[in-house]
Every structure is written in C-alpha cells, then in structure tokens.
Amino acid sequence: MENCEVDFKSAVENYQELSNTSKYMLCIQDKIVDEKCDSLRQKWEALANCIPERVETLKGELLSWNSFHDKLDAFLAWVEEMEGFTKIEKPRDETEAVQQLKGLEEFQSNFRCRQDSFESLVKEGREVRLHASMGEEAERLGDKLTKLTDRWDEMLRWAAGRYQLLVLSRHYLDSSKHVVQYLEKIEEKLSSAKDIPPAVLEKIKEESRKAKAKVDLWKQQCLDLDVVVKDGHLMLQQESSGQAVAFDEKLGNLNMEWHTVILDVEEKKKSIEKTAKKWWDFTRNKLKMIRWLKKKEGDAQMQKRD
C-alpha cells in the first residue's frame, strides 16, 4: 500500500509538471488535467480511508468465524461422547434393565438441557455460512451442521425407542415370570399331594413344561430385539438375523404375539387347574369319607359295648 502511494504521488506530480510545458499551455487542457488529478486524489484518499475499516471488519468476521467453529467443535465433541451411550448393548437381566432405564432418563435429560444451545448453534451456523464466501470452508461448515442435526435427531429417537422397548420388555418379562412362578407352585403342590396317579401328575407337568417353553421362547425373542436407526428410520432389529422392521409396526406385532402367547398359556393353566381341582376335590371328599367311616366304625363299637 505504501509503495503504491509513492508511485501514485509521483504520477500526479509528473502529470502536473507536464501541464506547465508548452505542449499543455491551453487553458482547457490545464483544467482537464487538474480535474483528473483531483478526481484521482479523491479516489485514492477514499480508498486509503476504506481499507483500514475493511481490515477491521475482516478481523471481526474472522474472530467471529473462529469463535463459532470453537463452539461447534466443542458441541460436536459432546455429541460424540453422548453417542457412545448408544453403543451399549441391551440389558440381559432385570438389574441391568433398571440401570439402563435410569441411564436413558439421564441421557434424554442431558439432551433436553442442551436443546436451546443446539438450536442457537444451528441458527448461528446458518447465518455464518450465509455471510461466508462460497468455497471449501463454507461447504465443510454446511457438512458439519448437517451431520450435527442428523446425529442429534437420530440419538433422540434411538433413546426414546430403546426406553420404550425396555419398558415393554420388562412388562412382558415380569408377566412371564409370574406365569412361570404360578405354574411351578401348582406343580409343587400337586407333587406333594398323595394318591395322585403318576400318569396324571406327569400329564400336568408336561402341560406346565409346554407353557413354560412358550414363555421362555417369547423371552428369548424379546431379548433378541434391539433399536436401530437405519436410513433415518427408527427400526427394531433381530440381533441374531440382522433383520430389521419398522419400529411402530414391530411393536404392534409384538403386542399381538404376546397376547397370543398369554392366551395359549392361560388355556394350559386352566387345563392344569381343572385337573388339579378334580384331584383336590377327590382327595378332600376321600378324606371326608374316611372320617365318616371312622366315625361310623366308632359308633358301631360303642353300640357293641352297650
């Protein structure tokens, strides 16, 4: 800039000297030269005043750009850290399920707390990109913002889906556990009862085993399911086969399958209860008959003595 200024002043002075020579003595030519020199000087002064302001503006924009990128990188690092939670395997027992449900609640709470920061950052990023010159940096910024919004949405949906699946699985598995415990109590009670033919007892145990096998199969199917996000869609995937189905559709099917299992098990329970009731009634009536016979026998002995 300083070198250009020296050249500029030299050119103006030379031009003015030429105006004093015999070649440019005409008044009109002198006037034209003066006007051009004045115009050139004014433009130069305007440019000299404008450049420092532009430099300061660019410095401010650069500072703002760097500050935004620092915030964006820090936020992306936090999102990446939170993303590690989505890699945790589905719990395999009640204790793990309770712990993970608590972790999911904290996970969702953290996202809710940062929702305003997320929206503000995305808005600021769009404004920064809008005012930035088109180029690789602007494209990279656009890619970062797109990646951030996609990951944010996917993780929130994954957390909600995993939470819902865990709650339903616990409900199903708790119901299954109660069914199994009930069947085992009936088996235990019948096994300790007297006078029940072995064939009848074995039949009852066989029905109980079938019911428990259905419940166990259902339990394994539940444990085999996990929540995934594929191509922007929330899905339930079978870990054993890798097959994935739309989340809402699979949940509806699960509910229908569960009702089918429960109805089947309930039928077996009724059959077992009916058989057990017959033998309990038979045993109770037999005991009544024995007591009645003993009483009659005692009465007969008393009459003989008299």
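Scroll up for the structure.
This section reports on the structure supplied with the text. What you see is a predicted model, and the numbers here were worked out from it, not measured in a lab.

Moving on, we get to the overall build of the protein chain. Broken down by element type, the protein chain carries seven helices and three strands. Ordered by position in the sequence, the α and β elements of the protein chain form the string α-α-α-α-α-α-β-β-β-α. In the protein chain, buried positions account for 28% of the 306 residues. On the protein chain, roughly 20,900 Å² of surface is accessible, and the fraction owed to carbon and sulfur atoms is 53%.

With respect to the element layout, E89 can be found in the loop between α2 (27-83) and α3 (94-113). Residue classification places E89 among the exposed positions, given a relative accessible area of 66%. Residues in contact with E89, not counting those within four places in the same chain, are Q100 and R162.

One can find Q237 in strand β2 (residues 233-238). Within polar-contact distance, the side chain of Q237 engages the side chain of K230 at 2.9 Å. Beyond its immediate stretch of four places on either side in the chain, Q237 contacts D224, L225, D226, V228, K230, G242, Q243 and A244.

Nonpolar side chains collect at one region of the surface, where M289, W292 and L293 lie side by side and expose about 320 Å² of accessible area between them. You can see W292 is positioned in helix α7 (residues 247-305). Residue classification places W292 among the partly exposed residues on the basis of a relative accessible area of 46%.

Moving on, we come to the sheet that holds strand β3 (residues 244-246). In spatial order, the strands read β1-β2-β3; together these three strands make up an open sheet with antiparallel pairing. Pairing within the sheet leaves two strands with one partner each, and these edge strands are β1 (225-230) and β3. For this sheet the average axis-to-axis angle between neighbouring strands, irrespective of direction, equals 40°. When β2 meets β3, the two strands line up antiparallel, connected through three bridges. Looking across to β3, one finds that M235 is bridged to A246. Taken strand by strand, helix α5 (residues 136-192) contacts β1 and β2, and its axis lies near 165° from that of β1.

Taken as a whole and judged by the stated rule, the model has seven salt bridges. D153 is paired through a salt bridge with R157; the nearest N and O atoms lie 3.5 Å apart. Here the residue D153 and the residue R157 both occupy positions in helix α5, the gap between them amounting to four residues, near one helical turn. On the basis of relative accessibility, which here comes to 38%, the residue D153 falls in the partly exposed class. Where D226 meets R162, a salt bridge forms, and the shortest distance between an N and an O atom there is 3.0 Å. Here D226 is found in strand β1, whereas its partner R162 is found in helix α5, with 64 residues between them in sequence.

The next thing to look at is the packing of α5 against helix α6 (residues 198-223). Viewed as axis vectors pointing N to C, α5 and α6 meet at an angle of 165°, and their least axial separation amounts to 10 Å. For the element pair α5 / α6, the angle class is roughly antiparallel. Here α5 and α6 pass one another in a crossing that is left-handed. Touching Y172, L173, S176, V179, V180, L183, E184, E187, L190 and S191 of α5 are L201, I204, K205, S208, A211, K212, V215, W218, K219, C222 and L223, all from α6. Looking at the contact of α5 with α6 residue by residue, the classes come out as 13 nonpolar, three polar and five charged.

Bringing the nonpolar core into the picture now. Core analysis: the largest hydrophobic core is formed by 50 residues, its most contacted members being L72 and L148. Contributing elements (two or more residues each) for this core: α2, α3, α4 (115-131), α5, α6, β1, β2 and α7. In terms of residues, this core owes the most to one element, α5, which gives 14 residues. The contact partners of L148, leaving out residues within four places of it in the chain, are L72, F75, L76, V79, F118, L121 and V122.

What counts, and where the lines are drawn
- Residues numbered from 1 in each chain as written.
- Predicted model: local features only at pLDDT ≥ 70, side-chain atom pairs only at ≥ 80, totals over all residues.
- Heavy atoms only, no water.
- Helix = DSSP H or I, 4+ residues; strand = E, 2+ residues; numbered from the N terminus.
- Buried < 20%, exposed > 50% of the residue type's maximum accessible area, 1.4 Å probe, protein only.
- Areas by Shrake-Rupley, 256 points an atom, 1.4 Å probe, with all protein chains shown as cover.
- Contact = heavy atoms within 4.5 Å.
- Polar contact = N/O pair within 3.5 Å; in protein donor to acceptor, adjacent residues only side chain to side chain.
- Patch = residues over 30% accessible without salt bridge, like charges linked within 9 Å, V, L, I, M, F, W, Y side chains within 5 Å.
- Salt bridge = Lys/Arg side-chain N within 4 Å of Asp/Glu carboxyl O.
- Pairing = 2+ DSSP bridges.
- Axes fitted to C-alpha atoms, helices over the stretch in contact; angles between N-to-C directions.
- Parallel < 35°, antiparallel > 145°, perpendicular 65-115°, else oblique.
- Left-handed = near helix turned anticlockwise from the far one by under 90°.
- Nonpolar A, V, L, I, M, F, W, Y, C, P; charged D, E, K, R; others polar.
- Core = buried A, V, L, I, M, F, W, Y, C linked by side-chain atoms within 4.5 Å.

That's the geometry; what it means functionally is another story.
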